Amino acid sequence: MKKQNFGRIIMTASAAGIYGNFGQANYSAAKLGLLGLSNTLAIEGRKYNIHCNTIAPVAGSRLTEQVMPPDLVAALKAEYVSPLVLWLCHEQCEENGGLFEVGAGWAGKLRWERSLGSIVRKKDQPMTPEAVRDQWDEVCDFTNATKPVSVEESLQSIVSVMSRVESGAPAATATSSSSGIDPKAAIGQKLAPTSFTISPTQCILYALGVGMSTKDPDYLRFLYEGHQDFSCLPTFGVIPSQAAVTDGSLGNIPGFSIDPTKILHGEQYLQIFKPLPTSGTIVSKATVTDVLDKGSGAVLLLDVNSYHGDELICYNQWTVFVVGAGGFGGKRTSDKAKPPLPPPKRAPDAVVIDSTTRDQAALYRLSGDWNPLHIDPSFAAMGGFDTPILHGLCSFGFAARHVLKQFANNDPARFKAIKVRFVKPVLPGQSLQTEMWKEGNRIHLQCKVKETGAVVLAGAYVDLHDAPEAAVERPKQAGNLQSELVFTEIGRRIQESGSDLVKKVNAVFSWEITKDGKNAEQWTIDLKNGSGSLHKGAFGGKPDVTFTVSDEDFMEVVQGKVDPQKAFFAGKLKVRGNIMLSQKLEVILKDHAKL
């Protein structure tokens, strides 16, 4: 099955295994054991397109025809069971890990249900049988019950309870993932203020956590407290506000009864009003600004204002998605939400590739996000991951500092705001590729995993303040370069068939275009990573081949008026690196007469 990447397995249990039956202890245990085996095979076979389901049939057979009336045996024919089996085995059936009762022409799916339960202990106090007795009605109350479908969902509830107990939150029932949302009651609710003590140590830990290194001298101002311009990275502004989401406070919002194990971090917006201090106390005040019904889930918009003394220094909008909590009849959109925006439909103006380390998540979590999903391999496995994953806000920090360095000379005073939508996880040790498009003072960005090409941050942008007049860069001497038309066409071709080109070429080419003897523009054609890309600017690593040529000579070569070899030997086309790879450029440079 693994070799053919397809398989369907059906286990046969029975009602005795599901519900138990008098005098059938061994039989019941064996049948329920099959269900556990089936569920595990469903999990392990999922990535190979191998599905495993269990049926508990009621059917007449030679074993039952002696004890059942003939008309009942006739009504419970095997023909009334087999169609369900055939459908579960069909390639179009996506059901996996299901349990079904079937018989007499009827079929129904079973699932587990769990009461919200009750927390019956307090921090630093023992749990007693008397406390269990006093909360027994809540323990057994199935009102707004949850319906866990995996070990990770089961254990995440325990993790949430641990967080609530540790934070000293009052004992309460858990929260529901269905039919527990009343937007009118929730909107406008203010959460208890939280305080965060910031210090140079915290600022430096955060900078290291989002990939800064002393290898780059420009980063020393964020890593050395004795630097004359020692500063806190602007995206540190998310850290003081995160307690509103992680300390269990969401479970105390009136009209927002949800299962905390179903919470996902969907989007993040951060706006900086004043440069963040490097020491002192920051107080954050959170308000529920809106609740949306997305059908498959509910969205909570949480606005958090953070103050240093009486001064508002930053504002965060957390977009929290609650899986399975939709369908309460609420609105789908909000004018209070900070929306993600798509990037321009052209080649990026700059691309930065940066490697994360194996210990990136272990380092980032020291800034306050203690979720074991990012450090504990066994917990990550329960979440369906082969290894602990990187915090989304860590990738957020990587991308923001790429923009800050590329377009703001690492000046935190120029950073105004950032918006991102979290798409997919990153594994520590993978490389992040940030593609950036400059549109005035707004830098659109998209972040990918270099090794896979998977987009991890989308709809993202950073807003910058104007540069001080003395620091405004003079426009390049480029003028109207004819070569830009060619590179635009190359970018289009890469978008259309980049994956095929990467397989054929497997190289990175850097082009230095000159005009009047001076550098006018630089382009990178990356046909080695992901699905290929083209961008203005230098390559983040070392290109395989670097070409230096004037704008005029470039056009002569591309249009076939000058032979590339003659241009090379005449000194008009200079090549550094693996010169043999230059021959592979023909696949994207040919047929430019149409330009």
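Cut-offs used in this document
All chains use their own residue numbering, which begins from 1 and follows the written sequence. Only residues with pLDDT of at least 70 are given local features in this predicted model, and only at 80 or more are side-chain atom pairs given and counted; all residues enter the totals for whole chains, interfaces and linings. The side-chain quantities take in all heavy atoms of the structure and omit both hydrogens and water. By the criteria applied, helices consist of DSSP H or I runs no shorter than four residues and strands consist of E runs no shorter than two, each listed in order from the N terminus. The cut-offs for exposure are 20% and 50% of the maximum accessible area for each residue type, with area from a 1.4 Å probe on protein chains only; residues under the lower value are buried, those over the upper are exposed, and the others partly exposed. Throughout, a residue-residue contact means that at least one pair of heavy atoms, one from each residue, lies within 4.5 Å. Only the protein chains shown count as cover for residues, and all accessible areas are computed by the Shrake-Rupley method using a 1.4 Å probe. Under the convention used here, Asp and Glu are negative, Lys and Arg are positive, and both His and the chain ends fall outside the count. To locate a charge, take NZ of a lysine, CZ of an arginine, CG of an aspartate or CD of a glutamate. Paired rings are identified among Phe, Tyr and Trp, the last through its six-membered ring, by centres lying within 6.5 Å, and are further divided according to the angle between planes into stacked (under 30 degrees), edge-to-face (over 60) and tilted (the rest). Here, over-ring charges are defined by two tests on the NZ atom of lysine or the CZ atom of arginine: distance to the ring centre within 6 Å, and angle to the ring normal within 35 degrees. Put simply, a nonpolar core is a bunch of buried Ala, Val, Leu, Ile, Met, Phe, Trp, Tyr and Cys residues held in one set by side-chain atoms that sit within 4.5 Å of each other. Salt bridge, as applied in this entry: a Lys or Arg side-chain nitrogen positioned within 4 Å of an Asp or Glu carboxyl oxygen. Definitions used for this entry: grid spacing 1 Å over protein atoms alone; cavity, a set of points where a 1.4 Å probe fits but cannot get out; pocket, an open set with protein on both sides within 12 Å along at least 5 of 7 lines; lining residue, one with an atom within 4 Å of a point. Grid points are joined across faces, edges and corners, and a volume is the space filled by probe spheres set on the points. Polar here means any residue outside two lists: the nonpolar Ala, Val, Leu, Ile, Met, Phe, Trp, Tyr, Cys and Pro, and the charged Asp, Glu, Lys and Arg; Gly therefore counts as polar. Strands qualify as paired when DSSP identifies two bridges or more between them. Orientation is described by lines fitted to C-alpha atoms, with helices fitted over the stretch in contact, and by angles between N-to-C directions that extend from 0 to 180 degrees.

**Some words on the overall build of the protein**
Looking only at helices and strands, the protein features 18 helices and 19 strands. The principal-axis extents of the C-alpha atoms in the protein amount to approximately 100 × 60 × 40 Å. When each of the 595 residues of the protein is scored for burial, the buried share is 44%. In the protein, the share of contacts with a sequence separation of at least 24, taken over all contacts with a separation of at least 6, comes to 72%. When the accessible surface of the protein is split by element, carbon and sulfur atoms take 53% of a total near 30,500 Å². Charged side chains of the protein number 63 positive and 62 negative; the gap between the two group centres comes to 3 Å.

**A word on the packing of aromatic side chains**
With the rule as written, the count across this model stands at eleven aromatic pairs. Arranged with centres 4.3 Å apart and planes meeting at 20 degrees, the rings of Trp 511 and Phe 547 form a pair that is stacked. Residue Trp 511 is located in strand 15 (residues 507-515), and its partner Phe 547 is located in strand 18 (residues 545-550); the two are separated by 36 residues in the primary sequence. Accessibility classification places Trp 511 together with Phe 547 in one group, the buried group. Aromatic pair Phe 568 and Phe 569: ring centres 5.3 Å apart, planes at 70 degrees, arrangement edge-to-face. Judged by relative accessible area, which is 70%, Phe 569 ranks as exposed. Taken together, the ring pairs in this structure connect Phe 487, Phe 509, Trp 511, Trp 523, Phe 547 and Phe 554 into an aromatic cluster. Its end group placed over the ring of Tyr 307, Lys 285 keeps NZ or CZ at 5.3 Å from the ring centre. The aromatic ring of Tyr 269 is capped on one face by Lys 338, whose charged end is 5.3 Å from the ring centroid.

**Examining the environment of Pro 148**
Of note, Pro 148 is situated in the loop between helix 6 (136-139) and helix 7 (151-167). With 37 residues separating them in the primary sequence, Pro 148 and Arg 111 have C-alpha atoms 8.4 Å apart.

**Thoughts on the nonpolar core**
Ranked by size, the top nonpolar core spans 73 residues in total, and within it Phe 256 and Leu 302 carry the most contacts. In this structure, Leu 481, Val 486, Leu 581 and Leu 585 belong to the second largest nonpolar core, which totals 26 residues.

**Considerations on the pattern of salt bridges**
Applying the stated criterion across every chain, the model contains 18 salt bridges. Here Asp 290 makes a salt bridge to Lys 331, at a shortest N to O gap of 3.0 Å. Remark: Lys 331 occurs in the loop between strand 9 (311-323) and strand 10 (350-355) and Asp 290 occurs in strand 7 (residues 280-293); sequence separation between them is 41 residues. The exposure class assigned to Asp 290 is buried, which follows from its relative accessible area of 0%. By relative accessible area, Lys 331 is classed as partly exposed at 43%.

**What to know about the layout of surface pockets**
As a volume, the second largest pocket reaches approximately 1,200 Å³. Forming the boundary of the second largest pocket are 30 residues, of which Asn 39, Ile 43, Arg 46, Val 149 and Ser 150 lie nearest the centre. Secondary-structure elements contributing two or more residues to the lining of the second largest pocket are helix 1 (15-19), helix 2 (25-45), strand 4 (106-110), helix 7 and helix 13 (377-382). Take the lining of the second largest pocket: its biggest share by element is six residues, from helix 2. When grouped by side-chain class, the residues that make up the lining of the second largest pocket number 14 nonpolar, eight polar and eight charged.

**Some words on the environment of Lys 77**
By secondary structure assignment, the location of Lys 77 is in the loop between helix 3 (70-75) and helix 4 (82-89). Distance from Lys 77 to Asp 303, taken between C-alpha atoms, is 60 Å for residues 226 residues apart in sequence.

**Quick notes on the sheet that holds strand 1 (residues 7-12)**
Strands sit in the order 1-2-3-4 across an open sheet of four strands; the sheet is mixed. Two strands lie at the open edges of the sheet, namely strand 1 and strand 4, each paired on one side alone. Neighbour-to-neighbour, the strand axes of the sheet open up by a mean angle of 30 degrees, direction not taken into account. Bridge count between strand 1 and strand 2 (residues 50-57): six bridges; the pairing is parallel. Of the residues in strand 2, the one forming a bridge with Ile 9 is Cys 52. Taken strand by strand, helix 4 contacts strand 1, strand 2, strand 3 (99-103) and strand 4, and its axis lies near 145 degrees from that of strand 1.

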